[in-house]
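A look at the structure
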Amino acid sequence: MCGIAGFLDEQTRMSADEMRQIVTRMAKSLRHRGPDDFGQWVDPPAGIALGHQRLAIVDLSASGHQPMATPNQGSWIVFNGEIYNHLELRADLISSGHEFRGRSDTEVLLTAIQAWGLEETLHRSVGMFAFAWWDVGNQRLTLVRDRLGIKPLYYGWSGSVFLFGSELKALRTFPSFAASIDRNSLALLLQHCYIPTPYSIYQGIYKLPPGCLLTIRCGKQQERPTPVNWWSLREAVAQGRDQPFRGSREDANEELQRRLDEAIRLRMLADVPVGAFLSGGIDSSLVVGAMQAASSRPVRTFSIGFDSPEFNEAPYAKRVAEHLGTEHSEHYVSAEEALDVIPLLPTIFDEPFADSSQIPTYLLSKMTRQHVTVSLSGDGGDELFGGYQRYPHIARAWKKIGWLPRPLRQSAAALLGVVRPARGRLLRRVLCVKNAQHLYTLLNTHWKETSQVVLGSSAVSSAFDEHTDWNLRPNFYEQMMHLDGATYLPDDILTKVDRASMAVSLEARVPLLDHRLVEFAWSLPLAWKVRNGIGKQPLRDVLARYVPPALTERPKVGFGVPLAQWLRGELRDWAEALLDEQRLDREGFFQPSLIREKWDAHLAGQDWHYHLWDILMFQAWFDYPSRGFRDC
């Protein structure tokens, strides 16, 4: 894995030395993503500068150095990620007369683009990636992000200069970068605990959406082009509807096994040690089971535990590891060790991010990196196979109220407001929802009325509002899975795993999100995935070939920490300082009285830790010295 950064500046006409200095600073801010090598390349007449920090995984030699050019230097690339089927693509290219200098997948990608064109290469590639490709002959820069959004890529303009980078910290080092906070993005953070694509915390800076590319052409830089899909989850969902799997349930399990085996085989290829995260749940146990079946020696597996039974999955992971015969390592985290991570969160996550499982994810990554350089993860199974507990709960809630016409539900809500004016506010809102999709959005939103909380904010459109985009399946259950796959998965789950693992220079690979497995999953009927309100049935069926169900069948446990308790105890002084009413009033982002109301209620015993963590993660980020601004 790596870090990429660069800029395109047609107007300033900087010297080569000045361009090198700037792009070097941009790339070196990402050294944690790739500590093994650094490279930069500039072309002053064109105004293009590319920077790269390398984490060497495949071909550890200097032949994998980036930025990398074609032999005739007709195009250049900086690449972050892995092309897992690069050996197959290499063989195809060699058969048509192409030669290679090294063994890296980056060279295969660059050669394939030259031979087949960009879009055909992308469609033939299996991988996770974000890269920038400079076409010298056509004087154009193209940014590309992988299908599911596993690897990050930010872009935007600082004046007339186009900037890009794996993380925001690279863009912030650019001399003229204007650190203006987008209050609408801040409002979205308070709703979802993350900032949804395409927005970022800064005005004019965006996340490139999954499965998209963006092309900037010299001489047309001010046109501000928009991203274009080269693959989309929406199309995969629609294709699964129009071309459903035709075999039996047993046939589907065999096909799932085949695709899983291929995904695991490709992701075990590396020139460095490989292991896997293991929680003892369905997804991670399945990944490890398939890895062990494909390996001639014990697989390295890793888990962390907590003294609090409510959050401790380590005993389950240990039992699965013992059954599979893996070489297992576990580490029990003390409260002090977990709390020590909190001051690091602003720089690890680089923009406000408020999923508190970020803390154990970082600690797991840190422990794992002491033993291996690559670790496989089980993320993605819940979104593809209906595993989240909220799906049946929300589906049942809609079944209870959805049959009533909305005017009758609104009348009931008004009556409830008269009978219980001080209570039942959420229930009244639930009764007034427009449709099932609106109910799902409402019940997955932290702060409901952010325009009152975030001063100067206004409503902005996001994927949560575009119901027609995810209303491709007739079943509400599948609609929820689709929306999560398009939003929560890339913007929360995959962001968390990427930043936490990359902070310690660990590459995390996600075999369940092999796009071929994703497309297959969406071709299966919902009844095969969910039985009696319990999801992930195909995964459970295949897992039973490796692990007895008794070892993994248990209520789903979130990968969390006792944050509510900490905020009343060990973190109280830290939180009190960040939520000080005078400070909130002086900084001018939030309505202080609403924040203090929640804080006081939490201290009195109510549970508002989700809402408060959203605020605290912004406050901690804003307070961090490297932000470099105070008046925004």
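Remember, predicted model here, so these are calculated numbers, not experimental data.

On to the packing of aromatic side chains, then. Within the structure shown, the criterion is met by 24 aromatic pairs. Considering the side-chain rings of F589 and F618, the 5.1 Å spacing of their centres and the 75° angle between planes classify their relative orientation as edge-to-face. Placement of F589 in the loop between α28 (581-587) and α29 (592-603) and of F618 in helix α30 (residues 609-623) is noted, with a sequence separation of 29 residues between them. Of the two residues examined, F589 and F618, each falls in the buried class. An aromatic cluster is present here, built from F177, Y202, F589, F590, F618, W621 and F622 joined pairwise through their rings. In this arrangement the basic side chain of K28 is found over the ring face of F38, its NZ or CZ atom lying 4.3 Å from the centre. Its end group placed over the ring of W116, R124 keeps NZ or CZ at 3.7 Å from the ring centre.

Across the protein, the average pLDDT comes to 93, with 96% of residues at or above 70. In this model, residues 628-632 is a region of pLDDT below 50 whose contacts with residues beyond four sequence positions or in other chains number 12 contacts.

Turning our eyes to something else, we now look at the pattern of salt bridges. Enumeration according to the criterion identifies 34 salt bridges in this entry. Two residues, R509 and E507, come together in a salt bridge whose shortest N-O distance is 2.5 Å. Judged on exposure class, the residue R509 and its partner E507 are both buried. Salt bridges sharing common partners tie together R33, K151, E167, K169, R172, D350, D498 and R499.

With that settled, the discussion passes to the environment of R147. Structurally, R147 is set in the loop between β7 (140-145) and β8 (154-158). R147 sits in the buried class, given a relative accessible area of 5%. Separated by 17 residues in sequence, R147 and A130 have C-alpha atoms that sit 9.9 Å apart. Residues within four places of R147 in sequence aside, it is in contact with L122, H123, S125, V126, P210, G211, W230, W231 and H515. Side-chain polar atoms of R147 contact the side chain of H515, separated by 3.5 Å.

What follows deals with the sheet that holds strand β14 (residues 300-306). Hydrogen bonds between backbone groups are what pair the strands of a sheet, and the pairing can be parallel or antiparallel. In space, the 5 strands of this open sheet follow the order β15-β14-β13-β16-β17, with parallel pairing throughout. Each end of this open sheet is capped by a strand with a single partner; those strands are β15 (327-333) and β17 (507-509). Averaged over all pairs of adjacent strands, the angle between strand axes in this sheet comes to 30°, irrespective of strand direction. Summarising the sheet, β14 and β15 pair through 7 bridges and their orientation is parallel. What sits directly across from I304, in β15, is H331. Packed on one face of the sheet, helix α10 (residues 314-324) meets β14 and β15 and runs near 170° to β15. Of the strands in this sheet, β13 (274-277), β14, β15 and β16 (374-376) touch helix α13 (residues 358-369), which is tilted by about 140° from β14.

Cut-offs applied
Residues numbered from 1 in each chain as written. Predicted model: local features only at pLDDT ≥ 70, side-chain atom pairs only at ≥ 80, totals over all residues. Heavy atoms only, no water. Phe/Tyr/Trp six-rings, centres within 6.5 Å; stacked < 30°, edge-to-face > 60°. Helix = DSSP H or I, 4+ residues; strand = E, 2+ residues; numbered from the N terminus. Buried < 20%, exposed > 50% of the residue type's maximum accessible area, 1.4 Å probe, protein only. Lys NZ or Arg CZ within 6 Å of the ring centre and 35° of its normal. pLDDT = per-residue confidence, 0-100. Contact = heavy atoms within 4.5 Å. Salt bridge = Lys/Arg side-chain N within 4 Å of Asp/Glu carboxyl O. Polar contact = N/O pair within 3.5 Å; in protein donor to acceptor, adjacent residues only side chain to side chain. Pairing = 2+ DSSP bridges. Axes fitted to C-alpha atoms, helices over the stretch in contact; angles between N-to-C directions.

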